[in-house]
Amino acid sequence: MGVYLLGSSYYPEWWPEEEWKRDFAKMAALGLNAVRMGEFAWSWYEPREGEFHFEAMRRAVALAAEEGIVTLMCTTTAVCPPWLYQKYPEVKGGNDHGLYGFGGRKGNCLSSDVFLEYARKITEEQAKVFANDKNVVGWQLDNEPGFPFVCYDPCCEKKFRKWLERRYGTIEALNRAWFTMMWSNVYNSFDEIRLPVNAAEGGWSPGMKLDYRRFFSDNFNNLLSEEARIIRAQGSKQFIFTNWPGANWSVSCEDAMSYLDYSAWDNYVSVPVNDDYHVQLRSSMEHDLCRRLSNGKQRFLIAEQCAAPHANAAPEAVRAQTWLDVAHGAFGNIFFEFRVPTGGVEQNYHSILNADGTYNRCEPVIRKLAADLKAHYSLLDGAETVSPAAAVYSYQNSWATPGWVVDGPYDEDFFEAHGGFKNALRQNMDVIFPSDDFSKYKLVVAPNLMILSDEERARLEQYVRDGGVLVINPVADTRGESNLIREARVPALFDGQCGAHSVASVSSADMAKQQSAAGERVSVRFNDGEEYDVAGTLYELAVEDDAEVFAEYTCGRLKGKAAGVVKRIGRGALVLYASDARNYRYYEALARVANRFAEIPPLLDAPDGVIVSSRQKDGETYLIAVNAKNSPAELTLDGPLFDVLRQCEISGKVRIDGLDVLLAKKRS
Amino acid sequence: MGVYLLGSSYYPEWWPEEEWKRDFAKMAALGLNAVRMGEFAWSWYEPREGEFHFEAMRRAVALAAEEGIVTLMCTTTAVCPPWLYQKYPEVKGGNDHGLYGFGGRKGNCLSSDVFLEYARKITEEQAKVFANDKNVVGWQLDNEPGFPFVCYDPCCEKKFRKWLERRYGTIEALNRAWFTMMWSNVYNSFDEIRLPVNAAEGGWSPGMKLDYRRFFSDNFNNLLSEEARIIRAQGSKQFIFTNWPGANWSVSCEDAMSYLDYSAWDNYVSVPVNDDYHVQLRSSMEHDLCRRLSNGKQRFLIAEQCAAPHANAAPEAVRAQTWLDVAHGAFGNIFFEFRVPTGGVEQNYHSILNADGTYNRCEPVIRKLAADLKAHYSLLDGAETVSPAAAVYSYQNSWATPGWVVDGPYDEDFFEAHGGFKNALRQNMDVIFPSDDFSKYKLVVAPNLMILSDEERARLEQYVRDGGVLVINPVADTRGESNLIREARVPALFDGQCGAHSVASVSSADMAKQQSAAGERVSVRFNDGEEYDVAGTLYELAVEDDAEVFAEYTCGRLKGKAAGVVKRIGRGALVLYASDARNYRYYEALARVANRFAEIPPLLDAPDGVIVSSRQKDGETYLIAVNAKNSPAELTLDGPLFDVLRQCEISGKVRIDGLDVLLAKKRS
Amino acid sequence: MGVYLLGSSYYPEWWPEEEWKRDFAKMAALGLNAVRMGEFAWSWYEPREGEFHFEAMRRAVALAAEEGIVTLMCTTTAVCPPWLYQKYPEVKGGNDHGLYGFGGRKGNCLSSDVFLEYARKITEEQAKVFANDKNVVGWQLDNEPGFPFVCYDPCCEKKFRKWLERRYGTIEALNRAWFTMMWSNVYNSFDEIRLPVNAAEGGWSPGMKLDYRRFFSDNFNNLLSEEARIIRAQGSKQFIFTNWPGANWSVSCEDAMSYLDYSAWDNYVSVPVNDDYHVQLRSSMEHDLCRRLSNGKQRFLIAEQCAAPHANAAPEAVRAQTWLDVAHGAFGNIFFEFRVPTGGVEQNYHSILNADGTYNRCEPVIRKLAADLKAHYSLLDGAETVSPAAAVYSYQNSWATPGWVVDGPYDEDFFEAHGGFKNALRQNMDVIFPSDDFSKYKLVVAPNLMILSDEERARLEQYVRDGGVLVINPVADTRGESNLIREARVPALFDGQCGAHSVASVSSADMAKQQSAAGERVSVRFNDGEEYDVAGTLYELAVEDDAEVFAEYTCGRLKGKAAGVVKRIGRGALVLYASDARNYRYYEALARVANRFAEIPPLLDAPDGVIVSSRQKDGETYLIAVNAKNSPAELTLDGPLFDVLRQCEISGKVRIDGLDVLLAKKRS
């Protein structure tokens, strides 16, 4: 498109129509060029069954266009109007307290045929009106799919049985997969299966839990893909996305690639405060994952981003965060939201307009941001990210690990590992899937890659033999697709010849409790003497003769024992670290160990807190450095660059203010 | 009456009738002159449907009278007998786990017509027997109305819809008030409304939550007012009250003034331990509120007070606490309870009698208390409290703030603010409502006065212009009656010209987390250099030119920025403080700032921990100073006083022992 | 039997039959001689209603026997197969969230006649097959009876009413016992009683709660006794036990003695880590209780013990723990479990075999353990434990104390008291019941012995008068069988003449909070100057003239006041301690005070951390000292002993390595 979509969400249905024009004008005056509308508007469109009213929204779209603002249109199925619930109570899902009461949002049962039918109907009517509207450039499906994480109701129970029957064919196959012979849970038919609600002692089997996650994910993808089909059936050429509430969560965004044009996520990570940029690493991870998810287009959207940081953060943080988005491949940002909601659950949400209609304190920052993007984004539009390193993410593994409801330990460690490697390497990182091609990376980190198919294992092993550097921990390859333990060494990769294998383990919590009296940290010391706190499970290793120990434990009976080994395999190297850490500093140290073999140079010589990325287009390379700290930083350039925002040559020592941004063109 | 009602609760139905006489005699021997009986006695009175038995209670009342003890009689509707539940399950309410099981108390559904009918019947039968009994001086309605805070059951759902229909008239009006266009919650009819139970993602709208609170409160007042009507219909001249479990809670005691003679509350704040008298400030607040609630009579009852402090508190604490009650306007105290319950949920409760029937260790203290009150209370009976300052309490605001179920942040800050102002001023404080006349106060503090009607706003503004000193924070006047945000500056009072307005905010929890690494306190420094921890929301202020900054923040990006301003308006002053504090010491500092303008002199020059009050009667002024600490204190009198308890003149430096009391008459 | 049963659990139904032989051979190769099988195997035996298949299990038993391994057979009723639940939903119990979903284990309703009928049927069919199998030496009934602690469902409600009717005869008797006159809970018939689920304000009466516990316990014992009857009816001579999940819990193991041959428990206390042996004291307590429960046989079984300690513990810990079991009277240990479960809820459980089929790291330790037991256990087989001291445990008291669901405060204090006394005395301890004969003990400690029958009180008093030393706290004898308070002094024993009585109390939590500003520990100082933290309730004592104060409080208003007294009564002594302590060091100090009167000599002069026991057989005394610490210890012998494991004489100073064991024969 060439133009960066910088905009805001807006809910015309909340406000008197006579105020819309003023609001759109205020958007335009600030430099915004896009608006997202229609999310949750089902009641507005269809106030009573079968009575469809899209005229008002058409007028809103047209009014926005008059101010030079294009529209991202939303489907409405993350809510349902009271008349539908009143007529068909089955359209509501439930949690472990029972069926949801009416109110809130996103409690609709995605298994209910009634709900699906009405959702199809409203989407189709809406698509008829807007699928060919030139002022509507894209569609958002639903809202933050995945919430509220569970759906326990009679419709889901029935569909879960059918889903299982399709997956397993016979009940015997399911019994094997779920290991139901334990505790006499052997089913004679699919009809005997109940949803995993209110367990007696012990709970549900790992196989069942993983399958429930898969079913839940499929249910969402089923609804969304149907909506995409309906819109396209009306001849729409608009791009289609949905706003994931984090793309590493309860719905497989990997599966969603089959029907979405782009990926998008709601970037509510906090803005930088003081000099702590930890959450910016998290947004980097989501960005890199979303870039992977955008069907090869190497770009993605920020569907929601906070319109105003809280009072302990500087307004400049909004600009820094947005440039971080751009640096990773964003082609648009929608601020949430434009005008303070006076009522409803999100009453008083941070908005671009204050309650009295004046702009919030970020006004000058957003103006500058809009102006810079308008002037220079075309350079980056269509650019690619080339990464020498990647982190492997796996939905199956995330779902197979307890605690997934918010951020399970899998996701937490994945985020810290990705961030640690990216930060240590000062480089672009890709996030990839186990089924992806690894061969183009010098270094691949794959935390907690427990579940692996035979084919995936073979490719991983080949990657190392061919010269790749692979970083794993002991759980790698220890389970099959049904979440069943492999009867093999831990880790099982390379036939258990990974430089070391696990002979025992202890949780870091137990270790901490037991060693607290001795005042010992639960940590690992690398050979350079640096010590890092670790977490999760600590594995005791039996080290092979040809492996090199690069770190040791510091506590308890494990003190002085190996906490990580490297083994050369073929032309590559395998790095095995023996404990997780909810701590990106630990993964930075691990990255330095791995990079002794991968030898990836940094993009820039930047101090800690400056996040560096590059984008390539038409043979040119653009470096983007964002100072995520509030204090100034100094870069050291190894040659002259062209500073795009300031339009001047730079070289040598370059100062970058707190929360400021450098967009530089490399000489090609 | 002239006589202070000092008594105890007693449950004759628990004990063999032959022991009653001994128990009443033991009460009398200690100096008690009142007993509260009949609470929860429905099963005793009506063991089977329609069989009424009041003879035993009549005998109990008569026996007490023989010992010189008058009776406070209770209605019984805080429980219901098993036969009623068995016959009509609908009489039980429910919570978010479903309908209550049988057992406990106070789970009766107040919307059930069946329950109301049976409650009316038992009350009427009881009233017929006791409404004209000269030994019964007053009636307590029900027990601790408000518990258990919610009532979720089918009867309540139906009545809630009717209540809403009466309130709003049309469903369109409700939709506007609840802002239902957000998330497609637009109702087509009142029948579509469900109780706020088991929310899906997001929860219930602020408008709905506030209305549920109002409905809940009205439901209780409906039952209680009906009981009062029934008693009076029998010709009763006895006074009627109920024992609020704290008067600032889930039922509007303001509304209850229409049918109650007096207000009363159950004073279970802890007795003073060590030198910490924080909870005594809480009881002062409840006292001041109850005095306001007593229909202009300037006096109230303590319906329950702990009969024995725990082993870490001195027995003298019982006396100190009771004199604090008297100082604020109590005309009676009922100790809970007389005799140790041998079974039931309240088994082993602190009682005046030990398990072996001997008096507990407070015996000498209670004897002295009884003797002093007998000798001197007549001086104070009918006296008035004259306060130069007031704190504004609002049920609507309390209910509109999340967290109300126990003590929401509104109530917590109200309590700390009231206590801080009272303590700093060493003066009487009134608690008043937004609809009250402010003109008689020199100083009014109105914490978190978010919801304000147009008329109330006008009077508040006039109060300042006419010379009043008003203390507010930024949320003042930012919402309307339906809990909808005003589209105006924050705060909105005085057209947003309050000396400053808010441009951003941050929660103190976020601030604390972010600044913990830097070791910064989340606090505010006043111009005198004193620093106080703050809590809740911190507002960043844009200060007007004509305002004076009196305090600044000490942490994070807010460090050095204004945390409070004063602005002269008309002949008065407006004090705007920019953060809450769950900390009365902060409000003391605020009171000193405000008092620079109000210039209220102290009642007495008393050191910290001595709580001073005054009562006026027949032109005389009585000062009451209670040392709430365990250690001695010294007062400095500016002239001679007459020490009523010791019957001597005092002047100059006066020592007051730990937990001791001074009742002094001013020379008129 | 002469042979120690050292074995493992094994689930043949989980594995291909062709692998069984290899697995049994691996057991035998390690030195194991027993296997426990069939737990939870209902689905395997009866895959469809009425189709019984025991052939496979018969083959498994025979295969094990071929390797010299005897079988402990389990009944299967801790689970139920899906077809049974599908046909009769009533077989599932419920908790306070409603009926259990299907899955997990142990959620079967023990009140359901349908469940009981099917449980009887499967047990009978199983008994027909195995009751006379010579390779099956014993039967385990069900699994860990007691979990999941509650059973709330319609069948239980009906049976609870019947149970109450049998207990009380008339509803009037129940009303008295439950003190239902409080809060108008007076029942007119047993049909009005509901299960204690979802209380309104206040909850359930202590009488009801205790009766629900009793009913729950009886329900379990009913099922288990029926299973024992069925097995014996088939002519079985095999011993019968069940694996209590701790014998001091939710089912009365005392009642279970009527149908069990032996007691057994699942010893999952952690193995020793560092030098902390606190949990080993807990296992000692369970051992001593189980010895009492084994119907006079003075021996018991460890039905489950962890097969591998975690990585922070040394493998030797397995051996130390097992010898501790033996020292207290175990005649067998079953490790849980042999082979890693690849799926199901207990996926990946610690097992003797690693996932790859190799032995775990404890292999050499288990080999040595097996060899030692094979060589020497016959000396101890049939031996007796003779204890000079005992601790009194009472199921009624445990159930009468709030918090029982996991470990209530009663059980927690009992465990610490038992451990402290055992440790201080360096002696055997018995655990006994209030109805037992005390006369053979020099010292009896009876923590929190609140509920006591008249007969029990009389015997306790006589015990002291006859020369015994009794240790109690103030709650002793303050309640009757229905959990009703006695109207008497606290404590009520000896007519309230216990050297002191309570005049007030305070919770240690309140005390800690109130004194935290002063930096005071909530503790007690003994006359020797040593200070110990205390917990629970602190009682203020009024001390009698003839009592000796042995400790005082250190904090708050109680500072310097008596915290414990001793009084000589008859030829004995009564020790009254005034506060609980979740701290065995405190009880050690108490034991030293009490032992001034009891004068019990230690078994051995052993340093802290070495747990000493003795066993007697055929006139010989065997001393067993287990070093529960990781560091070496030194014993001082007062004469020569014969070291059985090393087969040599020892005397004087004897070193015992960390986690090592000394089995020594005394010269007779």
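Treat the numbers as computed from the prediction; the structure is a model and nothing was measured. (Residues numbered from 1 in each chain as written. Chains lettered and ligands numbered in written order. Predicted model: local features only at pLDDT ≥ 70, side-chain atom pairs only at ≥ 80, totals over all residues. Heavy atoms only, no water.)

Caption draft 1: Looking closely at the packing of aromatic side chains. Summed over the entire model, instances satisfying the criterion amount to 156 aromatic pairs over all chains. Measuring from ring centre to ring centre gives 4.6 Å for Y262 of chain B and F331 of chain B, while their planes differ by 50 degrees; the resulting arrangement is tilted. In this pair, Y262 of chain B sits in the loop between α9 (253-256) and β10 (263-267) while F331 of chain B sits in strand β12 (residues 330-336), placing the two residues 69 residues apart along the sequence. When sorted by exposure, Y262 of chain B lands in the same class as F331 of chain B, which is buried. With a centroid separation of 4.6 Å and an interplanar angle of 40 degrees, the aromatic rings of Y45 of chain C and F54 of chain C are classed as tilted. Taking relative accessible area as the criterion, Y45 of chain C reaches 0% and is therefore assigned buried. Note on F54 of chain C: relative accessible area 5%, which makes it buried. In textbook terms, an aromatic cluster arises when at least three aromatic residues are bridged by ring pairs, as seen for Y85 and F102 of chain A together with Y152, F160, W163, W178, Y187, Y212, F215, F216 and F220 of chain B. Here R282 of chain B stacks its cationic end above the ring of F415 of chain B, 4.1 Å away from the centre of that ring. Lying across the ring of Y262 of chain B, K297 of chain B places its NZ or CZ 5.1 Å from the centre. (Phe/Tyr/Trp six-rings, centres within 6.5 Å; stacked < 30°, edge-to-face > 60°. Helix = DSSP H or I, 4+ residues; strand = E, 2+ residues; numbered from the N terminus. Buried < 20%, exposed > 50% of the residue type's maximum accessible area, 1.4 Å probe, protein only. Lys NZ or Arg CZ within 6 Å of the ring centre and 35° of its normal.)

Caption draft 2: Geometry of the interface of chain A and chain C. Facing 43 residues of chain A, the contacting portion of chain C comprises 51 residues. Counting each side, the surface lost to burial between chain A and chain C is near 4,200 Å², with a carbon and sulfur contribution of 54%. Among the residues of chain A in contact with chain C, W183, N198 and E201 of chain A are the three that bury the most area, contributing 18% of the side total. Between the two partners, chain A and chain C, sit three salt bridges. Across the pair R339 of chain C and E487 of chain A runs a salt bridge whose closest N-O atoms are separated by 3.2 Å. (Contact = heavy atoms within 4.5 Å. Buried area = accessible area lost by both parts, 1.4 Å probe. Salt bridge = Lys/Arg side-chain N within 4 Å of Asp/Glu carboxyl O.)

Caption draft 3: A look at the relation of the copies chain A and chain B. When chain A is fitted to chain B, the residual RMSD is 0.1 Å, and the transformation amounts to a turn of 120 degrees plus an axial shift of 0.0 Å. In symmetry terms, the pair is related by a three-fold rotation axis. Of the C-alpha atoms belonging to chain A, the one lying closest to the rotation axis is found on H97 of chain A, 4.1 Å away. (Least-squares fit on C-alpha atoms with pLDDT ≥ 70 in both.)

Caption draft 4: Focus on the sheet that holds strand β31 (residues 661-666) of chain B. Residues and elements named next belong to chain B. Sheet architecture is open: five strands sit in the order β25-β26-β31-β28-β29, paired in antiparallel fashion. Whereas interior strands pair on both sides, the edge strands pair on one side only; in this sheet they are β25 (610-617) and β29 (648-650). Looking at each pair of strands side by side, their axes are set apart by 30 degrees on average, direction ignored. Two strands pair when backbone bridges link them, and strand β28 (residues 641-643) and β31 are joined in this way by three bridges, in the antiparallel orientation. Within β31, the residue paired with F642 across the bridge is K665. Packing against the sheet, helix α11 (residues 316-328) makes contact with β25, β26 (620-627) and β31, and its axis sits at approximately 40 degrees to β25. (Pairing = 2+ DSSP bridges. Axes fitted to C-alpha atoms, helices over the stretch in contact; angles between N-to-C directions.)

Caption draft 5: Just the environment of L293 of chain C, in detail. Residues and elements named next belong to chain C. Within the element layout of this structure, L293 appears in helix α10 (residues 278-293). In this structure the C-alpha to C-alpha distance between L293 and M257, which are 36 residues apart in sequence, comes to 6.3 Å. Not counting residues within four places of it along the chain, the set of residues in contact with L293 comprises A247, C253, E254, M257, S263, Y395 and F433.

Caption draft 6: Expanded view of the pattern of salt bridges. In total, this model carries 163 salt bridges over all chains according to the counting rule given. Between R319 of chain B and D660 of chain B there is a salt bridge; the shortest N-O distance is 3.0 Å. Here R319 of chain B is found in helix α11, whereas its partner D660 of chain B is found in the loop between β30 (653-656) and β31, with 341 residues between them in sequence. The same class applies to R319 of chain B as to D660 of chain B, namely buried. The partner of D211 of chain C in a salt bridge is R167 of chain C, and the shortest N-O contact between them spans 3.4 Å.

Caption draft 7: Quick peek at the packing of helix α6 (residues 154-168) of chain C against helix α8 (residues 206-233) of chain C. Residue and element names in this part refer to chain C. Running from N to C, α6 and α8 cross one another at 105 degrees; their axes reach a closest spacing of 10 Å. In terms of axis orientation, α6 runs roughly perpendicular to α8. Counting all contacts with α6, which are made through C156, K159, F160, W163, L164, R167 and Y168, the residues of α8 involved are M208, D211, Y212, R214, F215, D218 and N219. (Parallel < 35°, antiparallel > 145°, perpendicular 65-115°, else oblique.)

Caption draft 8: Broad picture of the packing of helix α10 (residues 278-293) of chain B against α11 of chain B. All names here are of chain B. Across the interface, α10 lies against α11 with an axial gap of 9 Å and an inter-helix angle of 35 degrees. As for how α10 packs across α11, the hand of that crossing is right-handed. Contacts between α10 and α11 involve Q280, S283, S284, H287, D288 and R291 on the former and, on the latter, Q321, L324, D325 and H328. Within the contact of α10 with α11, the residues separate by chemical class into one nonpolar, six polar and three charged. (Left-handed = near helix turned anticlockwise from the far one by under 90°. Nonpolar A, V, L, I, M, F, W, Y, C, P; charged D, E, K, R; others polar.)

Caption draft 9: Layout of the confidence of the model for chain A. Across chain A, the average pLDDT comes to 95, with 99% of residues at or above 70. Throughout residues 403-407 of chain A the model reports pLDDT below 50, and contacts reaching past four residues in sequence, or to other chains, amount to 14 contacts. (pLDDT = per-residue confidence, 0-100.)

Caption draft 10: Structural context of the interface of chain A and chain B. Chain A puts 51 residues into the contact, and the matching count from chain B is 43 residues. Summing the contributions of chain A and of chain B, the shared interface buries around 4,200 Å²; its carbon and sulfur component is 54%. At the boundary of chain A and chain B, one finds four salt bridges. For the salt bridge of R361 of chain A with E540 of chain B, the shortest nitrogen-to-oxygen distance reads 3.9 Å. Applying the counting rule to chain A against chain B returns 28 residue pairs in polar contact (both at pLDDT 80 or more). Secondary-structure elements contributing two or more residues to the side of chain A that touches chain B are α2 (42-45), α4 (82-87), β5 (98-99) and β7 (145-148) of chain A. If you tally residues by element for the side of chain A that touches chain B, the top one is α4 of chain A, at four residues. Partitioning the side of chain A that touches chain B into residue classes produces 26 nonpolar, 17 polar and eight charged. (Polar contact = N/O pair within 3.5 Å; in protein donor to acceptor, adjacent residues only side chain to side chain.)

Caption draft 11: Local environment of the domain arrangement of chain A. Residue and element names in this part refer to chain A. Parsing chain A into structural domains produces domain 1 (5-147 + 235-380), domain 2 (389-598) and domain 3 (610-666). For domain 1 and domain 3, the distance between their C-alpha centroids amounts to 31 Å. On the domain 3 side, the residues contacting the 26 residues of domain 1 number 19 residues. Between domain 1 and domain 3, roughly 2,000 Å² of surface is buried when both sides are summed, and carbon and sulfur atoms account for 65% of that area. Inspection of the region where domain 1 meets domain 3 yields six residue pairs in polar contact (both at pLDDT 80 or more). Among the elements of the structure, α10 (278-293), α11 (316-328) and α12 (363-380) are those that each provide at least two residues to the side of domain 1 that touches domain 3. The greatest single-element share of the side of domain 1 that touches domain 3, amounting to nine residues, is contributed by α11. Here the residues of the side of domain 1 that touches domain 3 are counted per class, giving 13 nonpolar, eight polar and five charged. (Domains from an automatic or database assignment.)

Caption draft 12: Molecular detail of unusual backbone geometry. Residues and elements named next belong to chain C. Cis rather than trans, the peptide bond between F336 and E337 has omega equal to -5 degrees. Position of E337 relative to the elements: it lies in the loop between β12 (330-336) and α12 (363-380). Cis geometry is adopted by the peptide bond preceding P491, which originates at V490 and carries an omega value of -5 degrees. By the secondary structure assignment, P491 is in the loop between β16 (469-472) and β17 (500-507).

Caption draft 13: Just the sheet that holds strand β20 (residues 535-543) of chain C, in detail. Residues and elements named next belong to chain C. What the three strands build is an open sheet, ordered β17-β20-β24; its pairing is antiparallel. Of all strands in the sheet, those with a lone pairing partner are β17 and β24 (579-580), marking the two edges. As defined by bridge partners, β17 adjoins β20 across seven bridges and the pair is classed as antiparallel. Paired with S502 across the two strands is L541, which belongs to β20.

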